Amino acid sequence: MNISMNELKAALRRCFEASGYFVGNYEDAANMVLWLEKHGLNGLGELKNTLPYVGEDLHKSLSNVIYEDSTSATIDAHGRSALNCIASAVDLAHAKALESGIATVTVHNCHNRMFVLKALTDRGRSGISAAAYWKNGSSPITEHAAAIKSGHRYPSYSEATIKTNEHSIDDKQALTIICSSRVDLSLSLQNQDSTMISPAQVERNKNDCVEHGITIADDIWQEINRIGAGVLVENTDRSRQDAGGT
Amino acid sequence: MTTYAAIQNSLTGNNALPLRPENQVMDLERLGSFHQSRLSFMRTLVRRVFKERWKISPSLFELDNNGFGTVVYTVEAANATFSFVIFSDYLSDDERNDRVIATKWDLTMALVEGNVDAQYIEKLRQNVPKQEAGRVDSRVFVLSRANRSARNFNYVIDNLSQGKQPDINKIANVGYLYRTTAVYGSGKLGMADWEKVQAKHTDFARPFAGEMFVCMMLRNFSLLQVEHIAKMRSPNTFIPLDYDIKRYIGIGNSTGLGMAPYLVNHPQLISRWVEMRELALARVRTLGAIDQRIIEQLLALLARCLAHTQETITEDEWQTKKNVKIISDLQKLIAFSHAGIDSWNRLITYSEQHCSLQGQEMLVSVMLEIYPELVDELEDFHCTDELLDLDPLMPANTLKQIIEQRYNWALNIDFDAPGAKETYWYRSEEKMEPRLGSVSDIEGKKKQMALGVGYAVRKCYDQLCQYVNEHPTETTARFLVTFPKVRGIVRRIQCMNKCTYGDIQANLLDQHVLPMHLLRCKLAFFGVSKFDPRSKLWVRNTMFQGAPLLEDIGNTFSDNWFMPLTPKR
């Protein structure tokens, strides 16, 4: 079916709110999914993989800083989804970059890292260059890089499949974020088989989505709304009076 | 013509005009005392349509003798062509319901980009009458529905078909033939998002311009339809409605709690609207020259407001008392002004000392009315980017100081006092209708909407004080890594600190909170009149009463429908 961006955002907010995300985080999470989908980067596909586990973060520890100096930090996300923790990690990299010129924040034990792109893009808009790198999966293993220049509105994104023997078990579920207020960062994977989506293509994808809306599979739409129904209160005669009566 | 930079310079900095203070203006009861003004969205829309001489006429007129069928208006605006499509269906009296939860209506309608062909009209026909139960595509950008006035609709037809004009007093009692019960835009039900409308449809790229246009068209259709039905009923005796009665007929509107969360969830936009209104007032106070002609105009407008309020009919005791007070206020203002005024500031000061909030804000609307040359250009600046971006580098200590300066109203609320957290806002599973409950409903409380901004600020501030004591040099980003639960409110505080007028200052969780103030505030920005509360949670009102008619487009235009009065017979 076809839905608008606003419909998707509102439904996602309810979905994440019902899943126990905090005020502020559920807006961020909804915007992260929408941003990917709006810019042609398969936000709903990523979300489909996320939905079966979306309520589990409620029972996990909050992210915490396990190492920090003036130009870097390491955060343990305790297996949380990037939807539910990555925005504050990018904020921290941003703040350190403003103080030091360039900063790196590494997030460990974080799922769904593709969603970092929205947070990176926000940095570009606010005058900070930002980049991220992560690996994903086990068979096959893929690597991903995204970057945006200071003052720009759209990032580049690259993806490639890598050989198994190049992969270290230590970097599973890790994400490296680099921010700089002085250097324009531009990541491109060295892998010759990588595919890259340029900022210009990202912009074209957005324009198409704004014009025509979003096509969504019925099963995902129903699942988002089923979870989101958790914030709705049962309708009763007394409840109807809470709306002012007839 | 002014610029964004000039406006910013008027709001802040060394060259700023003397604006009313935030603590005065953003008080909820004052916001709920605002009235329509020449910056209201209906007024700005009508000015645009008439100044740009839009061509609007029916391109399809397929109504049967009873007025049921389909009508399509082609709208040739200044920049593009649009279609306004109306479906008129039979509805029995017992099915007629103004609540959001209704499922059938007398009229349903859509505003669509471009021209529509028969195939597309059929597609709309399959969906628009279903409203929330239907789906449309991104060519549509406003969807609405309306119900007939039980008191006026058939009465007017009966009279016209018998060759008589309706009694103007009966019209005055209600003021409309149809009442719209919802006007949807911004991507609801598959429609185009605001992002598209703003970027592509310049003609409607102001807040709620499309929605207001649909209401304006509904009003004009209602006049066309009653004349059509009356004529079909009795062609030999039928007479058309008198022009002045037509102009006096507006569109009814029922607004409930659904509008209230909008004001809380769009704080930057609301602040922007308030900024333009207050900037207009500051311009008048500072730049508005006063001479005898201006004083006569002031007296005439005050008298008009007085008559308008006297003509406002409501059964609601609370509103009746308010109206009585406004009438008294206006009489005082007239007497004071008769003695002669040489300064708007003096008149404002007088009103603040002697009038109710509603009387004071009525005077503001009157003052804006007198100086279109100082006010009207601000209508182009009601939009704003609604980006709630975090400033991660802001020192946590600075964040604390901002709360102390901009949110002192929230810190002054005793949230431990009885009743201070008694109310909660929730969404019903029935069409997700917003409702207002009591915390005694434990299950419902768990699902409450995050509208308690003041309380959230208080909780954030307490954590922040503790954090700043321990980490006096840390940034907001670092604070939020430690306290991620307050991310939403911190972002809001930082962003609203950049706005001249900030957040609405009220504890929306208080047991005595009056959502009516929220509804009234937004409706005043729309430009409605004749507030008629039906409970503390929903209100009837009238739109476009007194506005010029479609048939007037292209003729001389006088923007003179402020506070419309009953035509004299």
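Relevant structure appears above.
Residues numbered from 1 in each chain as written. Chains lettered and ligands numbered in written order. Predicted model: local features only at pLDDT ≥ 70, side-chain atom pairs only at ≥ 80, totals over all residues.

**Re the overall build of chain A**
The secondary structure content of chain A amounts to 8 helices and 11 strands. In terms of C-alpha radius of gyration, chain A reaches 19 Å, essentially the compact-globule figure of 18 Å for 246 residues. With respect to the three principal axes, the spread of C-alpha positions in chain A is 65 × 40 × 40 Å. A burial count over chain A gives 47% of its 246 residues as buried. Long-range pairs, those at least 24 residues apart, make up 71% of the contacts in chain A with a sequence separation of at least 6. (Helix = DSSP H or I, 4+ residues; strand = E, 2+ residues; numbered from the N terminus. Rg over C-alpha atoms; globule rule 2.2 N^0.38 Å. Buried ≥ 20, exposed ≤ 12 C-beta atoms within 10 Å, placed from the backbone. Contact = placed C-beta atoms within 7 Å.)

**Quick word on the overall build of chain B**
Each helix and strand in chain B was counted, giving 24 helices and 11 strands. Rg of the C-alpha trace for chain B: 25 Å, near the compact-globule value of 25 Å for 569 residues, within the 12% margin. Summarising its shape, the C-alpha atoms of chain B cover approximately 85 × 60 × 45 Å along the three principal directions. When each of the 569 residues of chain B is scored for burial, the buried share is 48%.

**Points about unusual backbone geometry**
All names here are of chain B. Even without glycine at this site, R53 takes up a positive phi of about 55 degrees. Counting through the fold element by element, R53 comes out in the loop between α4 (41–51) and β1 (55–63). Its identity as a non-glycine residue notwithstanding, F208 has a phi of 65 degrees, on the positive side. Mapped onto the secondary structure, F208 falls in the loop between α8 (194–200) and α9 (209–233).

**Here's the deal with the sheet that holds strand β9 (residues 434–438) of chain B**
One open sheet accounts for 3 strands, arranged β11(A)-β8(B)-β9(B); its pairing is mixed. Edge positions in the sheet fall to β11 (232–233) of chain A together with β9 of chain B, since each has one partner strand and no second. Sheet analysis places β11(A) next to strand β8 (residues 423–428) of chain B, joined by 2 bridges and oriented parallel. By the bridge assignment for β8(B), L232(A) is matched with R427(B). (Pairing = 2+ DSSP bridges.)

**Points about the interface of chain A and chain B**
Contacts between the two partners involve 38 residues from chain A and, on the opposite side, 45 residues from chain B. Listing elements by their share of the side of chain A that touches chain B, those giving two or more residues are β1 (2–3), α1 (5–18), α2 (25–38), α4 (86–100), α6 (199–212) and β11 of chain A. The greatest single-element share of the side of chain A that touches chain B, amounting to 6 residues, is contributed by α4(A). A per-class count over the side of chain A that touches chain B returns 15 nonpolar, 16 polar and 7 charged. (Nonpolar A, V, L, I, M, F, W, Y, C, P; charged D, E, K, R; others polar.)

**Section: the sheet that holds strand β9 (residues 195–197) of chain A**
All names here are of chain A. In space, the 8 strands of this open sheet follow the order β2-β3-β4-β8-β5-β6-β7-β9, with mixed pairing throughout. Looking at the sheet topology across the chains shown, the edges are occupied by β2 (64–68) and β9. Taken over all neighbouring pairs, the strand axes of this sheet differ in orientation by 15 degrees on average, direction set aside. With 7 bridges connecting them, strand β5 (residues 129–136) and strand β6 (residues 141–148) associate as antiparallel partners. Considered in β6, the bridge of K135 is made with E143. (Axes fitted to C-alpha atoms, helices over the stretch in contact; angles between N-to-C directions.)

**Some points on the pairing of strand β10 (residues 529–533) of chain B**
Consecutive side chains along a regular strand alternate between the two faces of the sheet. Residue and element names in this part refer to chain B. By the criterion of burial, β10 is predominantly enclosed, with 4 of the 5 residues buried. One ladder, built from 3 bridges, connects β10 with strand β11 (residues 539–543); its direction is antiparallel. When the bridges of β11 are listed, P533 appears paired with V539. Here β10 folds back onto β11, and the loop between the two strands holds 5 residues.

**Remarks on α6(A)**
Taking 1.5 Å of rise per residue, the 14 residues of α6(A) would be expected to cover 20 Å, and the 20 Å separating its terminal C-alpha atoms lies within 8% of that figure. Burial in α6(A) covers these residues: V202(A), C209(A) and V210(A). Buried residues of α6(A), seen end-on, are gathered within an arc of 100 degrees and therefore sit on one face of the element. Along its buried surface, α6(A) packs onto α1, α2, β9 and β10 (214–215) of chain A together with α8 of chain B. Phi for G213(A), located one or two positions after α6(A), is positive at around 85 degrees. (Expected span 1.5 Å × (residues − 1). Arc of directions from axis to C-beta.)

**Side note on the environment of C85(A)**
Residue and element names in this part refer to chain A. With respect to the helices, strands and loops of the structure, C85 is situated in the loop between β3 (72–81) and α4. By C-beta crowding, C85 is classed as buried, having 27 other C-beta atoms within 10 Å. For the pair C85 and D57, spaced 28 residues apart in sequence, the C-alpha to C-alpha distance is 9.9 Å. Every residue in contact with C85, bar those within four places of it in the chain, is listed here: S63, A77, R80 and C110.

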